[in-house]
Amino acid sequence: MTPVNSANSPEPVIDAQLAVALDALLAEQSVTRAAARLHTSPAAMSRTLARLRRVLQDPLLVRAGQTMVPTPRAQALRDEAATVVRRLGALLTPGAGADPATLHTTFTLQTADAIGAALAPGLLRLTRREAPGISLRFRAEELEAGPALRDGRIDLEVGSIDHVDPETQVEELVTLRMAAAVRPGHPLTEGTLTPARLAAAEHVAVSRRGRFSGPLDTALAERGLRRRVTVVLPSHLAAMTLAARSDVVCLLPAALPGTPPSPLTEAAAVLGLRLLHIPLPLPPLTIAMAWHPRHAADGAHHWLRTAVRRTLTTPEEWEEPDH
């Protein structure tokens, strides 16, 4: 006789519906009631019971007068069947939102330094209040966002998103305008700020690639004007510090007229800088966040995205009161 090679035997087909039916039959101990519980007909449930009897090689339920009673095998299976069905339900139910208070993880965000400076205080307050087990890691704009999001080196990119892969999910958060930041007492704070006066001032440009020009230069050139950029720095915070200590003009993203102040100008306020409206039609700046779709339904990542959104769009709703 040739022994049966179990390694070559076909895997048994697992029918989750059979497990659900078994749980209903053992709980109700009635074909009719089990059928009503599962919204099927008594005839269909009777056929399912016959199939279960063949699979398990046990009658499971036997008639005793006007009722049916479970066999010893059925009694032994009852709790296990209920547990399996509960686990199936949890497995096949959309993930519930994570409880922030129970999260213990580190999120990595990639931002420009000005956005990181605006986000960090607000996110820290939110984590202290709602998710004390969360740690935050901010990275400079040093990684190509698409691959870094895809392979998990960063969890979220926040900033001006213009270089994402097709599958990357993006949510626009806030639209800002560019303003001119100067120290108190700067000559531009006196009188009307005109394009000519702005162009004649000394400027600091912010560029990680060392560029001297940007949208302001384009707008000035259309009026036959050219500004004088005397220094280029890779950091908005460094440029703001320089503006606070000299007569250079630094460009910063600020809230649109008629909207609440943006957290992105808080560092400028700390340095005592004044924000001046630029009398030119500059393109708006949209701040957005980007993430890989594998995180779309993750409860912890959903909390992170919500926290970033709250920090940048409605900070007055959650800020701690002054003591």
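Above this text you will find the structure in question.
Residues numbered from 1 in each chain as written. Predicted model: local features only at pLDDT ≥ 70, side-chain atom pairs only at ≥ 80, totals over all residues. Heavy atoms only, no water.

So, on to the side chain of Thr265. Mapped onto the elements of the fold, Thr265 is located in the loop between strand S9 (249-255) and helix H10 (266-270). Leaving out residues up to four positions away in the same chain, Thr265 has contacts with Pro253, Ala254 and Leu275. (Helix = DSSP H or I, 4+ residues; strand = E, 2+ residues; numbered from the N terminus. Contact = heavy atoms within 4.5 Å.)

What follows covers the packing of aromatic side chains. Taken as a whole and judged by the stated rule, the model has 0 aromatic pairs. Positioned above the aromatic ring of Trp291 is the side chain of Arg305, whose terminal nitrogen or guanidinium carbon lies 4.5 Å from the ring centre. (Phe/Tyr/Trp six-rings, centres within 6.5 Å; stacked < 30°, edge-to-face > 60°. Lys NZ or Arg CZ within 6 Å of the ring centre and 35° of its normal.)

This brings us to helix H5 (residues 113-130). Compared with an ideal rise of 1.5 Å per residue, which puts 18 residues at 26 Å, H5 spans 25 Å between its outermost C-alpha atoms and is within 8% of the ideal. Bending of H5 peaks at approximately 30 degrees at the position of Leu119, with proline Pro121 no more than four residues after it. Within H5 the residues assigned to the buried category are Ala114, Ile115, Gly116, Ala118, Leu119, Gly122, Leu123, Leu126 and Thr127. (Expected span 1.5 Å × (residues − 1). Bend = angle between axes of the 7 residues up to and from the residue. Buried < 20%, exposed > 50% of the residue type's maximum accessible area, 1.4 Å probe, protein only.)

Within the fold, Leu126 resides in helix H5. Look at Leu126 and you get buried, because its relative accessible area is 0%. Along the primary structure Leu126 and Ala307 are separated by 181 residues, whereas in three dimensions their C-alpha atoms are 7.1 Å apart.

So, on to the pattern of salt bridges. Going through the model one piece at a time under the given rule, you end up with 10 salt bridges. The salt bridge involving Arg309 is made with Glu171; its shortest N-O contact spans 2.7 Å. Of the two residues, Arg309 is situated in helix H11 (residues 299-313) and Glu171 in strand S6 (residues 169-182); the sequence distance between them amounts to 138 residues. On the accessibility criterion, Arg309 (28% relative accessible area) is partly exposed. (Salt bridge = Lys/Arg side-chain N within 4 Å of Asp/Glu carboxyl O.)

What follows covers the packing of H5 against H11. At a minimum axis distance of 9 Å, the contact between H5 and H11 shows a crossing angle of 125 degrees. Between H5 and H11, the angle falls in the class oblique. Relative to H11, the crossing made by H5 is right-handed. Residues Ala118, Leu119, Gly122, Leu123, Leu126, Thr127 and Glu130 of H5 touch H11, and the partners they reach there are Trp303, Ala307, Val308, Arg310, Thr311 and Leu312. When grouped by side-chain class, the residues that make up the contact of H5 with H11 number 8 nonpolar, 3 polar and 2 charged. (Axes fitted to C-alpha atoms, helices over the stretch in contact; angles between N-to-C directions. Parallel < 35°, antiparallel > 145°, perpendicular 65-115°, else oblique. Left-handed = near helix turned anticlockwise from the far one by under 90°. Nonpolar A, V, L, I, M, F, W, Y, C, P; charged D, E, K, R; others polar.)

This part takes up the packing of helix H1 (residues 16-28) against helix H3 (residues 42-56). Axis separation between H1 and H3 bottoms out at 10 Å; the angle between their running directions is 105 degrees. In terms of their interaxial angle, H1 and H3 are classed as roughly perpendicular. Residues Leu18, Ala21, Leu22 and Leu25 of H1 touch H3, and the partners they reach there are Met45, Thr48, Leu49, Arg51, Leu52, Val55 and Leu56. Residue classes in the contact of H1 with H3 are distributed as 9 nonpolar, 1 polar and 1 charged.

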